[in-house]
Amino acid sequence: MNLEDLHVDIYRAIADRTRRAILDELVDRSGQSLFELCSRLTMKHGINSSRQAISQHLDILEAAGLIRTRREGRSKLHWFVGAPLKAIGERWPVSTDHGISNPTGEDTRK
Amino acid sequence: MRIHLTGVFVDDQRKALRFYTETLGFSLKHNIPLGEHAWITVVSEEAPEGTELLLEPAEHPAVGPFRKALVEDGIPSASFAVDDVGAEHERLVARGVRFVQPPTDLGAVITAVFDDSCGNLIQLTEQKPQP
């Protein structure tokens, strides 16, 4: 996979609310099974997608490099990998200079 | 109509009986020899006349692929109600039980999932008081 493809995959991967919730839950606890993720999405986010649909979301996140899977015992577990998201900050760096990062002078603290 | 009996498929009935009684704390209800295997059920000490759990031999050829797929995705074969998932987790870990999901607060319930060492994942569920 070349770098351009990878960029496209990151943006597509995080463009979906369910996939962002999956990443939130994997940040909360690394190494979850499909069952645990589905339980958390249903109970904490009100996302009642089928296991098959969640499995497809996981495939997209894995293709984008945002999650890794590993077998532990006889179960397949999922881990969040944040490194590919660094590409976003490198492409559009956030200036630490208040004037440059906030050219309209709008109060961004609210 | 009431739910009288449900079951889990177990790799080894004698090992399973030890785990479900000595480790988990259920009571033996029936142990009827049936040739190579036995009709073994356990019940909760809190409800000796309640639903029986059958420890069923896993020898049917469909059981292997079925359980393999469930365990791969972390799906429990049964769910048991407890008053305090955290305390049960502590008690069972001290007895060498391997948890694949530690106690997790899901809002209305707290759940945890462990490996019964007989081929199944089992969920513990604590209902939180409704506000």
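The structure contained in this document is the topic of the report that follows.

Conventions we followed
Residues numbered from 1 in each chain as written. Chains lettered and ligands numbered in written order. Predicted model: local features only at pLDDT ≥ 70, side-chain atom pairs only at ≥ 80, totals over all residues. Heavy atoms only, no water. Helix = DSSP H or I, 4+ residues; strand = E, 2+ residues; numbered from the N terminus. Buried < 20%, exposed > 50% of the residue type's maximum accessible area, 1.4 Å probe, protein only. Contact = heavy atoms within 4.5 Å. Areas by Shrake-Rupley, 256 points an atom, 1.4 Å probe, with all protein chains shown as cover. Core = buried A, V, L, I, M, F, W, Y, C linked by side-chain atoms within 4.5 Å. Patch = residues over 30% accessible without salt bridge, like charges linked within 9 Å, V, L, I, M, F, W, Y side chains within 5 Å. Salt bridge = Lys/Arg side-chain N within 4 Å of Asp/Glu carboxyl O. Lys, Arg positive; Asp, Glu negative; His and termini not counted. Charge placed at Lys NZ, Arg CZ, Asp CG, Glu CD. Pairing = 2+ DSSP bridges. Axes fitted to C-alpha atoms, helices over the stretch in contact; angles between N-to-C directions. Buried area = accessible area lost by both parts, 1.4 Å probe. Polar contact = N/O pair within 3.5 Å; in protein donor to acceptor, adjacent residues only side chain to side chain. Parallel < 35°, antiparallel > 145°, perpendicular 65-115°, else oblique. Nonpolar A, V, L, I, M, F, W, Y, C, P; charged D, E, K, R; others polar.

**Considerations on the overall build of chain A**
- Each helix and strand counted, chain A has six helices and two strands in total.
- Scanning chain A from its N terminus toward the C terminus, one meets helices and strands in the order α-α-α-α-β-β-α-α.
- A burial count over chain A gives 35% of its 110 residues as buried.
- Summarising the internal contacts of chain A: among those between residues at least 6 apart in sequence, 50% fall at separations of at least 24.
- In the form shown here, chain A has an accessible surface area of approximately 6800 Å², with 51% of it arising from carbon and sulfur atoms.

**Quick look at the nonpolar core**
- Within the largest apolar cluster, 26 residues are counted, with the highest numbers of intra-cluster contacts made by Val8(B), Tyr20(B), Leu24(B), Leu55(B), Phe80(B), Phe114(B) and Leu124(B).
- Those elements that place two or more of their residues in this core are strand 1 (5-10), helix 1 (13-23), strand 3 (37-43), strand 4 (52-57), strand 5 (78-81), helix 3 (85-94), strand 7 (109-115) and strand 8 (121-127) of chain B.
- Per-element accounting of this core gives the leading share, four residues, to helix 1 of chain B.
- Not counting residues up to four positions away in its chain, the partners in contact with Leu55(B) are Val8(B), Val10(B), Gln13(B), Ala16(B), Leu17(B), Tyr20(B), Ile40(B) and Val42(B).
- Judged by nonpolar contacts, the second largest core, of 16 residues, contains Leu23(A), Ile54(A), Leu58(A) and Ala64(A).

**Description of a negative patch on the surface**
- Together, Glu45(B), Glu46(B), Asp83(B), Asp84(B) and Glu90(B) give the surface a local cluster of negative charge.
- Relative to the helices and strands, Glu46(B) is located in the loop between strand 3 and strand 4.

**Overview of the sheet that holds strand 7 of chain B**
All names here are of chain B.
- Spatial strand order, 5-8-7-6: four strands in an open sheet with mixed pairing. Because the sheet does not close on itself, it has two edges, and the strands there are strand 5 and strand 6 (98-105). Ignoring strand direction, the axes of neighbouring strands in this sheet form an average angle of 20°.
- Direction of pairing for strand 5 relative to strand 8: parallel, over a ladder of four bridges. Considered in strand 8, the bridge of Ser79 is made with Gln123.

**Describing the sheet that holds strand 4 of chain B**
All names here are of chain B.
- With respect to topology, four strands assemble into an open sheet ordered 1-4-3-2, the strand pairing being mixed. The sheet terminates laterally at strand 1 and strand 2 (27-34), the two strands that pair on one side only. Strand-to-strand, the axes of this sheet are offset by a mean angle of 25°, without reference to chain direction.
- Where strand 3 lies against strand 4, two bridges are found, and the strand directions are antiparallel.

**Comments concerning the environment of Arg67(B)**
All names here are of chain B.
- Position of Arg67 among the secondary structure elements: in helix 2 (residues 63-72).
- By relative accessible area, Arg67 is classed as buried at 7%.
- When the C-alpha atoms of Arg67 and Asp12 are compared, they prove to be 15 Å apart, with 55 residues separating the residues in sequence.

**Points about the interface of chain B and chain A**
- Each partner contributes residues to the interface: chain B has 19 residues there, and chain A has 14 residues.
- Between chain B and chain A, the buried area comes to about 1400 Å², and carbon and sulfur atoms account for 56% of it.
- The residue Arg71(A) makes a salt bridge to Glu72(B) at a minimum N-O spacing of 3.1 Å.
- There are six residue pairs in polar contact (both at pLDDT 80 or more) connecting chain B and chain A.

**Describing the packing of helix 2 (residues 17-28) of chain A against helix 3 (residues 34-45) of chain A**
Residue and element names in this part refer to chain A.
- Between helix 2 and helix 3, the shortest axis-to-axis distance is 10 Å and the interhelical angle comes to 110°. Considering the angle they form, helix 2 stands roughly perpendicular to helix 3. Along its contact with helix 2, which presents Arg17, Ala21, Ile22, Glu25, Leu26 and Asp28, the element helix 3 presents Leu37, Arg40, Leu41, Lys44 and His45.
- Taken together, the residues that form the contact of helix 2 with helix 3 break down as five nonpolar, one polar and five charged.

**Describing the packing of helix 3 of chain A against helix 4 (residues 51-63) of chain A**
Residues and elements named next belong to chain A.
- Where helix 3 contacts helix 4, the two axes come as close as 10 Å, and the packing angle between them is 105°. With respect to their mutual orientation, helix 3 and helix 4 come out roughly perpendicular. Taken together, the residues of helix 4 that come into contact with helix 3 (itself represented by Leu34, Phe35, Leu37, Cys38 and Leu41) are Arg51, Ile54, Ser55 and Leu58.
- Counted by class, the contact of helix 3 with helix 4 contains seven nonpolar, one polar and one charged residues.

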